[in-house]
Amino acid sequence: MHHPFSASLENWIDTKDFSIDKPVIGPKWHVPVEDEIRFANELLKLHFESALDDLLTICQSKIHSDPGDEKDHLKVTLLRVDSSLQGVLSCLPDFSPSSENGMVKEPSFSPFLIAGATGSRVGSSELRQKAANVIHETCKYLLKEKSDDSILLLLLIRVIDTLGNYGSSEYEEWSNHRQAWKLESTAIIEPPINFIVSSHSEGKRRPRWALIDKAYMHNTWRSSQSSFHLSRMSGNMFPSDQVTLLMDDLLCLSLHGYETVRRLAAKSILKMMKRWPSTISKCVLTLAEKFRNPSLPENVVLGSCAVLSSQTVLKRLTTDRKALSSFLLGILYSSHNESQKAQKAITELFVKYNIHFAGLSRSIFGGPSQADGTDFAGLVAEIGSMSFETSNLHWRYNLMANRVLLLLAMASRNDPNVPAKVLSQIAGHFLKNLKSQLPQSRLLAISALNTLLKESPHKISAENRVHGQGSLQADPKSSLEEALSSIFQEEGFFSDTLNSLSHVHIITDMDTGSSRGHYGSSSLQSFADKSITRFYFDFSASWPRTPSWISLFGSDTFYSNFARIFKRLIQECGMPVLLALKNALEEFVDAKERSKQCVAAEAFAGVLHSDVLGVSEAWDSWMMVQLQNIIHAPSVESIPEWAASIRYAATGKGKSGTRAPLLRHKVIDCLMKPLPQIVATSVVAKRYTFLSAILIEVSPVGMPESEILVHYNLLDELLSNMSHSSAQVREAIGVALSVLCSNLRLCASFGNDHSNESGASNADITPARSWDRYLVKRASELVTKIQNVSASEALEIPKEKLSENGMSSDHSKDDIKWMETLFHFIISSLKSGRSSVLLDVLVELLYPVISLQETSNKDLSNLAKAAFELLKWRVTREPHLRKAVSIILSLANDPNWRTRSATLTFLRSFMYRHDFILSNMDKQHIWLAVEKLLIDSQLEVREHAAAVLAGLMKGGDKDLVEDFRRRAYEQAAALIKKRKHRSTVSALPVASVHGSILALAACVLSIPYDMPSWLPEHVTLLARFVSEPSPLKSTVTKAIAEFRRTHADTWNVHKDSFTEEQLEVLADTSSSSSYFA
């Protein structure tokens, strides 16, 4: 290009239709001369001013007697006005804005100008003002006389939009063009280089007309923005009187009975609000005031909600106290409306306000101003009076009022201008709402209190705990304590509160998973109610920090947010809360209903986790007794909730959760106390479940020696009870073992286990010290015994042989129970996510898991299969991988054929997971072991080995696959050659011949859909064995049938790889002789 600026513009202005020989002519701007401007003014006067005069005459003089003629005349005249405005666009000067004192600026005022944005002026600002006055009169006339004519009203709104929104037509044109350009640009723009023409360019190649179009649209955009931001840049600029008249007209039209009219009017008025933010407050005040009218029509509510729900309005509410007050009170006082559509629109408006709520400006929290006379504290008081159940509001509006209180409290709690009394009143209000009869109000109160109770002056900090409790400051007091104390010290307050909260716990037989965090409210709340009750700014960490993987915890309905309420209330107000809560808590702990047990568990968890001054004395006086009563209680339905409660009470403090709560060691000591001699098995299982729950939360990093000793003492007890008569207890023991062993291993990995130096010499805890070797050795001994015991000898045990302590005196049955406990340990360890530290033990236990897949005891076999499913997908790395391979190879030679078959099943997943980390030597050993099973004496094992080999060949080592395929073909071919000598073939063992055929079938089935060059020969050779006796013939026919099925879709192509002789051999194996023809 020969343009002087082509070098700098090349990257974005490249065109594909320029000539190298001709210079590119630069753009030329047309500057109108005076005659052209004068002619344009004459045209504007002829078409625009005359149309305005006609319009005013029609509206004022009523020159038509026929309504139809009048409608047509109005339509034509409005179209003339609209087309004139669309023609002149931004060349007609805008309204002159008003200054702060209402006076119009001097004529010398020049609007903010972007170079090249606007052309010459046509007409004057006075002409636009005249048009606005005429359109205002027209609007009043149409709303009075033609309010049911939507066509005229839509034309009127279009004219108002063009008049009031200066530059909106250009912006709309540019916006539509931009969307069209996005869709069409891929078809227009070419890459910089192609192989059709010789010219290359640095940038994208596009037609010249596209560049001209883009330049024109860019100038169109500049024209639309020439004065749009003028009023937004200066705080002294206000709309002119004519703009105010047009906005009033649009406001009336936005409340019209026709939805299309309302929608278009709302769109136009929102554009004017964006340009003139000072007008938003007036619109909010006008629309919100209408909500209070008890006889308000439905269309007015729908139109008001459409305007108020815009982000432009919602953003303005954060800075304008009077508008905010009018908006909130207007919504809350609109419950009288009987229209369902109106109620739905109001609820959706409120929900949207909640979603977009991002705080309030500090100016809102100041004292009452002379301008609006409103006060933030007064607003809170008025809304608070509406949020009580005693008010006449509908329950949903009562819920809205409570939600507004929470939002205002969250926005103002850190502002120094807000009196502390305001937040105290709000917190006290929500504390009272805990015993509300409305479920939604209770849920919102829970969310609010968890957010507002943050000071915790009575909590003993980590530094104070080091120096003793007495180092706490003398008189800690929260700003909320006085208001809260007067409430919870009322007689029966906590009893009523716990009773109300118990109703939130919805427990059904269909619950299969934890509903924690959802408050069981799915059947109580609609989507709108959930949007109101849910607190969008609740950033509290989820609990528990680790997943609940223990099966005994099951479908608990323990809500950590409920427990956090009681904990923070105690930390906020101290021991008076605990004293007031004591009697109610004792009552609900002894209750028979599970829902009451649930809320008691949450309250007790909050108390135990509070760490306030005096909680240790309360533990010694009554809480320890309560925990013992909970353990000894015969009920089993609430065990998951109480286990979660114990776990919450032991949850670590601090950012990483490693600091132990104040009462954790006391709770552990209480749970470690032995049970009475005669006790129900459910109580034994409950105790072990509680111990598992609390030890999960113990951080192995820096675990003190006292806790390590507790682990070993409990471990010794568990190992001695692994043969317990109760299946429930055995499962609990297995879970507890996985927690204990993983904790000890993790502790040792951090170098913190010094227990062997302090107390390893005690003979009574020796098995616990070497628990890993003990479990592996004992399991290996019992596998053979269990396999050799027949079903009748293992199960026919007289009841008289059961002793009082629940242990069986029959050793064979004890062995089975011990092994069941071990399988529970394996399953729990793999589910816990801690199996990596127990991997050496789990690898050693592969032998009992695989060996006991099929036994006479169904419960034992089911547990073995569950452990098998988890173990086979577990990735094992060195140094444990080599040990795992050796165990698998030994199991492949096990005398029990069911064990050999189970080993093959395990190998399928094992090889898939470890193919890339196994050494070549280990792979060869595994291949040879599977090949050896092809000639196993058991038919099921031989067929299973063939299926496993087919899978290994699909993704195994290439060299091993080719070697096996070659040997399989050679062996099968050798058998075919010997078939002429029947005596030689018949002398061979059936398993040996069957193994060769199975090897060949595995090669064929390893390629289910393709047709490599070697496959036709293998398939044909396999088909030649079809005349062999059963089970050889059955293997051949099944393999050929599977080959036929997988290659049926592409057989027309693949059959070309076969010779005629091969196709004939294949045809002989099928009853359908024409299939492979």
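In this numbering scheme, every chain counts its residues from 1 along its sequence in written order. Where local features are concerned, this predicted model is filtered to residues with pLDDT of at least 70; where side-chain atom pairs are given and counted, the filter is 80 or more; whole-chain, interface and lining totals use all residues. Neither water nor hydrogens contribute to the side-chain values; these are computed over all heavy atoms in the structure.

Remarks on the overall build of the protein chain
From N to C terminus, the protein chain includes 51 helices and zero strands. Relative accessibility under 20% of the residue-type maximum defines a buried residue, over 50% an exposed one, and the middle range a partly exposed one, all with a 1.4 Å probe and only protein chains included. Here the protein chain holds 1077 residues, and 51% of them are scored as buried. The long-range share in the protein chain, meaning contacts at least 24 apart out of those at least 6 apart in sequence, stands at 77%. Of the roughly 50,500 Å² of accessible surface on the protein chain, a fraction of 53% belongs to carbon and sulfur atoms. Only DSSP runs of H or I with at least four residues qualify as helices, and only runs of E with at least two residues qualify as strands; both kinds are numbered from the N terminus onward. Contacts between residues were defined by any pair of non-hydrogen atoms, one from each residue, lying within 4.5 Å. The method behind every accessible area is Shrake-Rupley, applied with a 1.4 Å probe, and residues are considered shielded solely by the protein chains displayed.

A look at empty space enclosed by the protein
Here the term cavity refers to a set of points on a 1 Å grid, laid over the protein atoms alone, in which a 1.4 Å probe fits but cannot get out; the term pocket refers to an open set having protein on both sides within 12 Å along at least five of seven lines, with lining residues being those that place an atom within 4 Å of a point. Grid points are joined across faces, edges and corners, and a volume is the space filled by probe spheres set on the points. Per the stated rule, a full pass over the model turns up five cavities of 30 Å³ or more. Empty space within the largest cavity amounts to approximately 80 Å³. In terms of lining residues, the largest cavity is bounded by Leu-839, Leu-842, Val-843, Leu-846, Leu-871, Lys-872, Arg-874, Thr-876, Ala-884, Phe-906, Phe-910 and His-914. Looking at the lining of the largest cavity, the elements that each hand over two or more residues are α38 (839–844) and α42 (897–914). Estimated volume of the second largest cavity: approximately 70 Å³. For the second largest cavity, the lining is made up of 13 residues, of which Leu-89, Ser-90, Thr-162, Gly-167 and Ser-169 are closest to its centre. Of all the elements, helix α6 (residues 168–188) adds the most residues to the lining of the second largest cavity, at three residues.

Some thoughts on the confidence of the model for the protein chain
Any segment with low pLDDT has predicted coordinates that should not be analysed in fine detail. Averaged over all residues, the pLDDT of the protein chain is 82; the fraction at 70 or higher stands at 81%. Note: pLDDT gives the predictor's confidence per residue, expressed from 0 to 100. Scored below 50 in pLDDT, residues 757–765 makes eight contacts in the model with residues more than four places away or belonging to other chains. Across residues 797–809, where pLDDT falls below 50, the model places 15 contacts with residues more than four positions away in sequence or in other chains.

Concerning the environment of Phe-604
With respect to the helices and strands, Phe-604 occurs in helix α26 (residues 594–608). We classify Phe-604 as buried; its relative accessible area is 1%. Placed 22 residues apart in sequence, Phe-604 and Gln-626 show a C-alpha to C-alpha distance of 9.5 Å. Those residues in contact with Phe-604 that lie beyond four places of it in its chain are Leu-585, Met-623, Gln-626, Leu-627, Ile-630, Trp-642 and Ser-645.

Looking at the pattern of salt bridges
Whenever a carboxyl oxygen of Asp or Glu lies within 4 Å of a side-chain nitrogen of Lys or Arg, that contact is scored as a salt bridge. Using the criterion set out here, one finds 35 salt bridges in the structure. With a shortest N-O distance of 3.2 Å, Arg-80 and Asp-54 are connected by a salt bridge. Taken together, the positions of Arg-80 in helix α3 (residues 67–88) and Asp-54 in helix α2 (residues 34–61) put the pair 26 residues apart, joining distant regions of the chain. For Arg-275, the salt bridge identified is with Asp-94, shortest N-O distance 2.4 Å. Here Asp-94 lies in the loop between α3 and α4 (125–145) and Arg-275 lies in helix α10 (residues 259–275), a separation of 181 residues in the sequence. The pair Arg-275 / Asp-94 is uniform in exposure class, with both members buried. Through salt bridges that share partners, Glu-931, Asp-963, Arg-966, Arg-967 and Glu-970 make up one connected network.

Observations concerning the packing of aromatic side chains
Aromatic pairing here means that ring centres of Phe, Tyr or Trp (its six-membered ring) are within 6.5 Å. Orientation follows from the plane angle: under 30 degrees is stacked, over 60 is edge-to-face, and everything else is tilted. Considering all chains together, one arrives at 17 aromatic pairs under this definition. Arranged with centres 6.2 Å apart and planes meeting at 70 degrees, the rings of Phe-604 and Trp-642 form a pair that is edge-to-face. Of the two residues, Phe-604 sits in helix α26 while Trp-642 sits in helix α28 (residues 639–650), which places them 38 residues apart along the sequence. Arranged with centres 6.2 Å apart and planes meeting at 85 degrees, the rings of Trp-873 and Tyr-912 form a pair that is edge-to-face. With Trp-873 in the loop between α40 (858–871) and α41 (880–892) and Tyr-912 in helix α42, this residue pair connects regions lying 39 residues apart in the sequence.

Quick word on the nonpolar core
One recurring pattern in soluble globular proteins is that nonpolar side chains are buried together. Throughout this description, the term nonpolar core refers to a set of buried Ala, Val, Leu, Ile, Met, Phe, Trp, Tyr and Cys residues connected via side-chain atoms within 4.5 Å. Core analysis: the biggest nonpolar cluster contains 293 residues, and Phe-825, Ile-826 and Phe-910 have the highest contact counts within it. Per element, the largest residue contribution to this core is 11 residues, and it comes from helix α17 (residues 395–412). Apart from residues no more than four positions distant in its own chain, Phe-825 is found in contact with Gly-734, Leu-737, Ser-738, Cys-741, Trp-771, Leu-775, Leu-838, Val-841 and Leu-845.

Observations concerning the environment of Gln-597
Among the structural elements, Gln-597 can be located in helix α26. Sequence-wise, Gln-597 and Trp-642 are 45 residues apart; in three dimensions their C-alpha atoms are separated by 8.2 Å. The residues touching Gln-597, leaving out its near neighbours within four places in the chain, are Phe-588, Val-589, Asp-590, Ala-591, Ser-638 and Trp-642. In this structure the side chain of Gln-597 is engaged in a polar contact, spanning 2.6 Å, whose partner is the backbone oxygen of Val-589. Polar contact is the term for a pair of N or O atoms within 3.5 Å; when the atoms are in protein, one must be able to donate a hydrogen and the other to accept it, and sequence-neighboring residues count only if both atoms are side-chain atoms. Within the structure, the side chain of Gln-597 is placed 2.7 Å from the backbone oxygen of Ala-591, a separation counted as a polar contact.

Focus on the packing of helix α16 (residues 376–386) against α17
Angular values range over 0 to 180 degrees, each being the angle between N-to-C directions of two axes fitted as lines to C-alpha atoms, with helices fitted over their stretch in contact. At a minimum axis separation of 8 Å, α16 and α17 run at an interaxial angle of 150 degrees. As judged from the angle between their axes, α16 and α17 are roughly antiparallel. The way α16 lies across α17 gives a crossing that is left-handed. Together, Phe-376, Leu-379, Val-380, Ile-383, Gly-384 and Met-386 of α16 and Asn-398, Ala-401, Val-404, Leu-405, Leu-408 and Ser-412 of α17 make up the contact between the two elements. For this scheme, ten residues count as nonpolar: Ala, Val, Leu, Ile, Met, Phe, Trp, Tyr, Cys and Pro. Four count as charged, namely Asp, Glu, Lys and Arg, and the remainder, Gly too, count as polar. Split into classes, the residues belonging to the contact of α16 with α17 amount to nine nonpolar, three polar and no charged. An angle counts as roughly parallel when it lies under 35 degrees, as roughly antiparallel when it exceeds 145, as roughly perpendicular when it falls between 65 and 115, and as oblique in every other case. Handedness of a crossing follows from how the near helix is turned relative to the far one, being left-handed for an anticlockwise turn of less than a right angle and right-handed for a clockwise one.

Here's the deal with helix α49 (residues 1032–1046)
Expected span of a helix, by definition, is 1.5 Å for each gap between consecutive residues, and there is one gap fewer than residues. An ideal rise of 1.5 Å per residue puts 21 Å on 15 residues; α49 measures up with 22 Å between its terminal C-alpha atoms. Tucked into the core, α49 has its buried residues touching α44 (939–955), α47 (990–1005), α48 (1015–1023), α50 (1051–1054) and α51 (1060–1068).

Some details on the environment of Glu-869
Tracing the chain through its elements places Glu-869 in helix α40. For Glu-869 and Ile-827, which are 42 residues apart along the polypeptide, the C-alpha to C-alpha distance reads 9.4 Å.

Examining the packing of α41 against α42
Relative to each other, α41 and α42 sit at 150 degrees, their axes nearing to 9 Å. Relative to α42, the element α41 lies roughly antiparallel. The chirality of how α41 crosses α42 is left-handed. Residue-level contacts link Leu-881, Ala-884, Val-885, Ile-888, Leu-891 and Ala-892 of α41 to Thr-899, Arg-900, Thr-903, Phe-906, Leu-907, Phe-910 and His-914 of α42. When grouped by side-chain class, the residues that make up the contact of α41 with α42 number nine nonpolar, three polar and one charged.

Points about the side chain of Lys-686
Within the secondary structure, Lys-686 sits in helix α30 (residues 681–696). There is a polar contact of 2.7 Å between the side chain of Lys-686 and the backbone oxygen of Ala-633.

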